[in-house]
Amino acid sequence: MTTTTTTTTPSTQDRNSVLLVSNDNHTFILRKSCVMISPAIKGMLDKKSNFEEAQFNRVVFKNMNGVVLEKVCEYFCYHEKYKDAVDVPDMDIPPELALELLMVADFLCA
């Protein structure tokens, strides 16, 4: 996972990356295969949808701050790493983020 604070889009050569941007302008670049576990993001990035997100491979979350989006990105990478594993270690979730992450998960899994 790469963290930057730019507002650019992934280069046109790298259509396998997605830019996720929080409401406080924290930017995360992830492999598209990681973020596609979310039906909401998958729908936004579907070329048939004609959404701006699909055109630029860039998703802006206006209701998600950088701390929460970082944990979401961490989960996407965690899921990708352990998707075929049998003995999966627990992911560290700070108690102060638990409620907010539940609400975000509800949105991303819809």
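Further up the page is the structure itself.
Residues numbered from 1 in each chain as written. Predicted model: local features only at pLDDT ≥ 70, side-chain atom pairs only at ≥ 80, totals over all residues. Heavy atoms only, no water.

A. Main features of the layout of surface pockets. Volume-wise, the largest pocket comes out at about 270 Å³. Where the lining of the largest pocket is concerned, the elements lending two or more residues are α4 (66-82) and α5 (98-108). With 5 residues, α5 is the largest single contributor of residues to the lining of the largest pocket. Approximately 200 Å³ is the volume found for the second largest pocket. Taken together, M44, V59, V60, F61, K62, N63, M64, V68, E100, M103, V104 and F107 make up the lining of the second largest pocket. Contributing elements (two or more residues each) for the lining of the second largest pocket: β4 (58-60) and α5. When residues in the lining of the second largest pocket are grouped by element, the largest group, 4 residues, is from α5. Counted by class, the lining of the second largest pocket contains 9 nonpolar, 1 polar and 2 charged residues. (1 Å grid on protein atoms, 1.4 Å probe; cavity = no way out; pocket = protein on both sides within 12 Å on 5 of 7 lines; lining within 4 Å. Points joined across faces, edges and corners; volume = space filled by probe spheres on them. Helix = DSSP H or I, 4+ residues; strand = E, 2+ residues; numbered from the N terminus. Nonpolar A, V, L, I, M, F, W, Y, C, P; charged D, E, K, R; others polar.)

B. Structural detail: the nonpolar core. Among the nonpolar cores identified, the biggest contains 22 residues, and L20, L30, V35, F61, L69, V72 and F76 are the most heavily contacted of them. Broken down by secondary-structure element, the contributors of at least two residues to this core are β2 (17-21), β3 (27-31), α1 (32-35), α2 (39-45), α4 and α5. With 5 residues, the top contributor of residues to this core is α4. The residues touching L20, leaving out its near neighbours within four places in the chain, are H26, T27, F28, L30, V35, V59, F61, L69, C73 and F76. (Core = buried A, V, L, I, M, F, W, Y, C linked by side-chain atoms within 4.5 Å. Buried < 20%, exposed > 50% of the residue type's maximum accessible area, 1.4 Å probe, protein only. Contact = heavy atoms within 4.5 Å.)

C. Up close: the packing of aromatic side chains. Applying the stated criterion across every chain, the model contains 2 aromatic pairs. Here the aromatic residues Y75, Y78 and Y82 are joined through ring pairs into a cluster of three or more. (Phe/Tyr/Trp six-rings, centres within 6.5 Å; stacked < 30°, edge-to-face > 60°.)

D. Quick peek at α4. Relative to the 24 Å expected for 17 residues at 1.5 Å per residue, α4 spans 24 Å between its end C-alpha atoms, a close match to the ideal helical length. What α4 keeps buried is the set G66, V68, L69, K71, V72, C73, F76, Y78 and E80. Looking at the packing, one finds that the buried side of α4 touches β2, β3, α1, α2 and α5. Among the residues of α4, the N-terminal cap falls to N65, whose side-chain oxygen and the backbone nitrogen of V67 are separated by 3.0 Å. (Expected span 1.5 Å × (residues − 1). Polar contact = N/O pair within 3.5 Å; in protein donor to acceptor, adjacent residues only side chain to side chain.)

E. Seen up close, unusual backbone geometry. Backbone geometry at N25 places phi at a positive 70°, although glycine is not the residue there. Relative to the helices and strands, N25 resides in the loop between β2 and β3. Its relative accessible area of 41% is what places N25 among the partly exposed residues.

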